[in-house]
Amino acid sequence: MPFAKAYICKRNTMSKGLPKRSEDYAAWYQELVKQADLAEHAPVKGCMIIKPYGFGIWEKMQRTLDDMFKETGHVNAYFPLFIPKSYLSKEAAHVEGFAKECAVVTHYRLKNSPDGKGVIVDPEARLEEELIVRPTSETIIWSAYRNWIQSYRDLPLLINQWANVVRWEMRTRLFLRTAEFLWQEGHTAHATKEEAIEETRRMLDVYARFAEEYMAMPVIKGVKSENERFAGAVDTYCIEALMQDGKALQAGTSHFLGQNFAKAFDVKFANKEGELDYVWGTSWGVSTRLMGALIMTHSDDKGLVLPPRLAPIQVVIVPIYHGDDELEAIQTYVQGIIEKLKRVGIKVHFDARDTHRPGFKFAEWELKGVPVRLAIGKRDMENNQVEVARRDTGEKHTAPVDGLTEHILDLLDDVQQSLFKRALAFREANTRKADSYEEFKEILEKHGGFILAHWDGTTETELRIKEETKATIRCIPLDAEEEEGKCIVTGKPSKRRVLFAKAY
RNA sequence: CGGGGCGUGGCGCAGCCCGGUUAGCGCACCUGCUUUGGGAGCAGGGGGUCGCAGGUUCGAAUCCUGCCGCCCCGACCA
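Residues numbered from 1 in each chain as written. Chains lettered and ligands numbered in written order. Predicted model: local features only at pLDDT ≥ 70, side-chain atom pairs only at ≥ 80, totals over all residues. Heavy atoms only, no water.

**Student:** Describe helix α13 (residues 404-429), and please don't skip the residues or the numbers.
**Tutor:** Between the first and last C-alpha of α13 there are 36 Å, a value that for 26 residues agrees with the 38 Å anticipated at 1.5 Å per step. Residues of α13 that are buried: Leu404, Thr405, Ile408, Leu411, Leu412, Val415, Gln416, Leu419, Phe420, Ala423 and Arg427. (Helix = DSSP H or I, 4+ residues; strand = E, 2+ residues; numbered from the N terminus. Expected span 1.5 Å × (residues − 1). Buried < 20%, exposed > 50% of the residue type's maximum accessible area, 1.4 Å probe, protein only.)

Take a look at the structure:
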């Protein structure tokens, strides 16, 4: 089982226990990320090292999403990390949005320091045009699309790229907000507005399906208010999830770009009638932030809790033995079990380490969130059974070795479903309606969570609420019912409730 | 950018006020023996330019000056 070995042998801290979520949620999160061996801080401020176990989860996310993108007709490509400074400024709202957090490359050479200590930037080697490290790739991609698109026959253009991007953030947190992060960004071009909007919505649905079916994380699909919209978009759609501490997390966004980038980069096509028109664009992305969402949706005071569909190790087997002979006997005995589990695609790891005792291993695999644990000792072998423990509830039972594979498949499926149901129940219990500003503030202070309230649709009101309560409009839910009401702040008429929360 | 905190073996810390043996503790690591159904015990062992640069002093982890870095909490953002 060499794949699992890399996940377990490199950890450099192993303290007993985590901070309690109820006492210090931020500390719990931070410690969990480190102790479960997902990531650590890099020497560069705001950057992180994603460790093998954390990256293993990300890889599963990537693979699943990538398949979903392919199924919906997209292909992958790769565009450069560096963007000429002039490109960024071609779309007015876009620069405006990103200018404050760009890393800029100004030189291309170092030289030995005159004092003999280390190296310095060679002042002779200044770039003629400075380069921006991409905070997102719309500009460089649309500059290429200009050459790729001439006719309606070139459309739609459905491209995705997996990449790293850099946004120089003031305040960072592992996975949730880092200066450099990994993501995918889809960039599509279409002949009609309707088709582009359809694409925007389709990819939003893909994200929602991924979040719910794989991450077991319920999300609310919605549209952003003007204030929260992506810089350069006409409309920004999003999926919003609720974390265990009652704060909202934007887990993915899909933008309808209108013709904004087409106009900025002069991307025109000839339609069937031979008339020239600007193409319609979309862009959509999810990032390693999903890791943070995953952690904060399911995990508990004992550690990580992973949904089976994204767990790098789905089943761990811990032998309980006296002496080397017994260990060997168990090892032989479980071979058959392991083979069968593998054959149906279950990722299984046999923890044969003789340097740690069972109790230690139990605690460690719980910390790492492995969904199902099997323990096998002499007694079990004699009775042809194993002890089965599920991570999400902590429940243990014994199961016969005969038919174990089917039993485990069912169990993994059950864990997956239960996690989703539990998270959904939590969200429902923490989604409340407020019909006055007083009530709104009270809910926010007492419970946090999502609040559905009427809003007059103006940025002024939105900003005032944000200023006074720290809560923001997470989205206007797509499935919001038509309901006559009055804005909780101004009393002006409103046709539907919007979703508020304090957010990450 | 404001406020707070911290830099001492891999990790977490003590020591610093009040300068003075060989810089200490827990975890981790290595060796051996006994252990193994919920985070093992004993014995032995290795590992440190005390963030960096100056200064004061017979003597600096400790006092002074300057610098650097990181983390946490706020204002902005996925």
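**Student:** Please provide a residue-by-residue account of the sheet that holds strand β8 (residues 126-133), values included.
**Tutor:** The three strands are arranged β4-β8-β5 in an open sheet whose pairing can be described as antiparallel. Strand pairing shows two members of the sheet lacking a second neighbour, β4 (82-84) and β5 (104-107), which therefore form its edges. Shown here is a sheet whose adjacent strand axes are inclined to one another by a mean of 40°, direction ignored. Pairing of β5 with β8, which is carried by three bridges, proceeds in the antiparallel orientation. Across the sheet, the residue bridging to histidine 107 is arginine 126, located in β8. (Pairing = 2+ DSSP bridges. Axes fitted to C-alpha atoms, helices over the stretch in contact; angles between N-to-C directions.)

**Student:** Account for the pattern of salt bridges, with residues named and values stated.
**Tutor:** With the rule as written, the count across this model stands at 32 salt bridges. Here aspartate 435 and arginine 497 are joined by a salt bridge, their closest N and O atoms 2.6 Å apart. Note that aspartate 435 is positioned in the loop between β22 (431-433) and α14 (437-446) and arginine 497 in strand β27 (residues 497-501), a separation of 62 residues in sequence. Where glutamate 468 meets arginine 464, a salt bridge forms, and the shortest distance between an N and an O atom there is 3.0 Å. Linking glutamate 468 with arginine 464, this pair stays in helix α15 (residues 459-469), spanning four residues, or about one helical turn. On the basis of relative accessible area, glutamate 468 is assigned to the partly exposed category, the value being 43%. (Salt bridge = Lys/Arg side-chain N within 4 Å of Asp/Glu carboxyl O.)

**Student:** Describe the sheet that holds strand β3 (residues 75-76), with residues and values.
**Tutor:** Strand order in the open sheet formed by 11 strands is β3-β9-β10-β16-β13-β12-β11-β24-β27-β23-β22, with mixed pairing between adjacent strands. Looking at the sheet topology across the chains shown, the edges are occupied by β3 and β22. Bridge count for β22 against strand β23 (residues 450-454) is three bridges, and the pairing is parallel. In the strand pairing of β23, arginine 432 is matched with isoleucine 451. Helix α3 (residues 52-71) contacts β3, β9 (157-166), β10 (180-190) and β16 (280-287) of the sheet and is inclined by roughly 160° relative to β9. (Contact = heavy atoms within 4.5 Å.)

**Student:** Explain the pairing of strand β24 (residues 472-477) to me, and be specific about the residues and the numbers.
**Tutor:** Counted residue by residue, β24 has five buried out of six residues, so it is predominantly covered. With two bridges connecting them, strand β11 (residues 220-223) and β24 associate as antiparallel partners. Directly across from glycine 222, in β24, lies its bridge partner proline 477. In terms of strand pairing, β24 meets β27 through three bridges, oriented antiparallel. Bridged to threonine 472 within β27 is alanine 501.

**Student:** Talk me through the side chain of asparagine 430; I want residue IDs and the actual numbers.
**Tutor:** Inspection of the secondary structure puts asparagine 430 in the loop between α13 and β22. Taking relative accessible area as the criterion, asparagine 430 reaches 14% and is therefore assigned buried. At 2.8 Å, the side chain of asparagine 430 and the backbone oxygen of phenylalanine 426 are in polar contact. Setting aside anything within four residues of it in sequence, one finds asparagine 430 in contact with Leu242, His447, Gly448, Gly449 and Phe450. (Polar contact = N/O pair within 3.5 Å; in protein donor to acceptor, adjacent residues only side chain to side chain.)

**Student:** So what about unusual backbone geometry? Which residues, and what values?
**Tutor:** Negative phi characterises most residues that are not glycine, and trans characterises most peptide bonds. Residue proline 156 is reached from leucine 155 by a cis peptide bond, and omega for that bond is -5°. Looking at the element boundaries, proline 156 is found in the loop between α6 (138-148) and β9. The phi dihedral of aspartate 37 is positive, around 70°, even though this residue is not glycine. The backbone of aspartate 266 sits at a positive phi, close to 55°, despite the residue not being glycine. Among the secondary structure elements, aspartate 266 is positioned in the loop between α8 (260-264) and β14 (268-270). Residue classification places aspartate 266 among the partly exposed residues on the basis of a relative accessible area of 32%.

**Student:** Provide a residue-level description of the packing of α3 against helix α9 (residues 289-298), including the pertinent values.
**Tutor:** It is the contact of α3 with α9, at a shortest axis distance of 10 Å, that shows an interaxial angle of 110°. Taken as axis vectors, α3 and α9 run roughly perpendicular relative to one another. Where α3 abuts α9, its residues Gly54, Ile57, Trp58, Met61 and Leu65 lie against Leu290, Met291 and Leu294. Here the residues of the contact of α3 with α9 sort into seven nonpolar, one polar and no charged. (Parallel < 35°, antiparallel > 145°, perpendicular 65-115°, else oblique. Nonpolar A, V, L, I, M, F, W, Y, C, P; charged D, E, K, R; others polar.)

**Student:** Residue-level account of the nonpolar core, with values.
**Tutor:** Core analysis: the largest hydrophobic core is formed by 61 residues, its most contacted members being Leu38, Met61, Phe175, Phe210, Met215, Met217 and Leu304. Those residues in contact with methionine 61 that sit more than four places away from it in its chain are Phe210, Met215, Leu290, Met291, Leu294 and Leu310. One finds Ile140, Trp142, Ile149 and Leu257 within the second-largest nonpolar core, a separate group that totals 26 residues. (Core = buried A, V, L, I, M, F, W, Y, C linked by side-chain atoms within 4.5 Å.)

**Student:** I'd like a rundown of the confidence of the model for chain A, residues and numbers included.
**Tutor:** Overall, the predicted model of chain A reaches an average pLDDT of 92, with 96% of residues at or above 70. In this model, residues 1-6 is a region of pLDDT below 50 whose contacts with residues beyond four sequence positions or in other chains number 12 contacts. Long-range and interchain partners of residues 8-14, a stretch whose pLDDT sits below 50, account for 16 contacts in this model, where long-range means more than four residues apart. The ipTM for the predicted assembly is 0.86, set against a pTM of 0.95. (pLDDT = per-residue confidence, 0-100.)

**Student:** Would you mind going over the side chain of threonine 461 in detail, with residue names and values included?
**Tutor:** Note that threonine 461 resides in helix α15. Judged by its relative accessible area of 5%, threonine 461 is buried. A polar contact of 2.8 Å, which involves the side chain of threonine 461, links it to the side chain of aspartate 456. Not counting chain neighbours up to four residues away, the residues in contact with threonine 461 comprise Trp455, Asp456, Cys487, Val489 and Thr490.

**Student:** Break down the layout of surface pockets for me, citing the residues and quoting the values.
**Tutor:** Looking at the largest pocket, its volume works out to about 1500 Å³. Considering the residues around the largest pocket, the lining is formed by 49 residues, among which Glu101, Arg167, Arg177, Glu228 and Gln250 are closest to the centre. Elements with a contribution of two residues or more to the lining of the largest pocket: α5 (92-98), β10, β13 (248-258), β16, α15 and β24. Size it by volume and the second largest pocket reaches roughly 470 Å³. Residue lining of the second largest pocket: 18 residues in total, with Ile220, Leu452, Pro477, Asp479 and Ala480 positioned closest to the centre. Elements with a contribution of two residues or more to the lining of the second largest pocket: α7 (193-213), β11, α13, β22 and β27. Partitioned by chemical class, the residues of the lining of the second largest pocket number eight nonpolar, one polar and nine charged. (1 Å grid on protein atoms, 1.4 Å probe; cavity = no way out; pocket = protein on both sides within 12 Å on 5 of 7 lines; lining within 4 Å. Points joined across faces, edges and corners; volume = space filled by probe spheres on them.)

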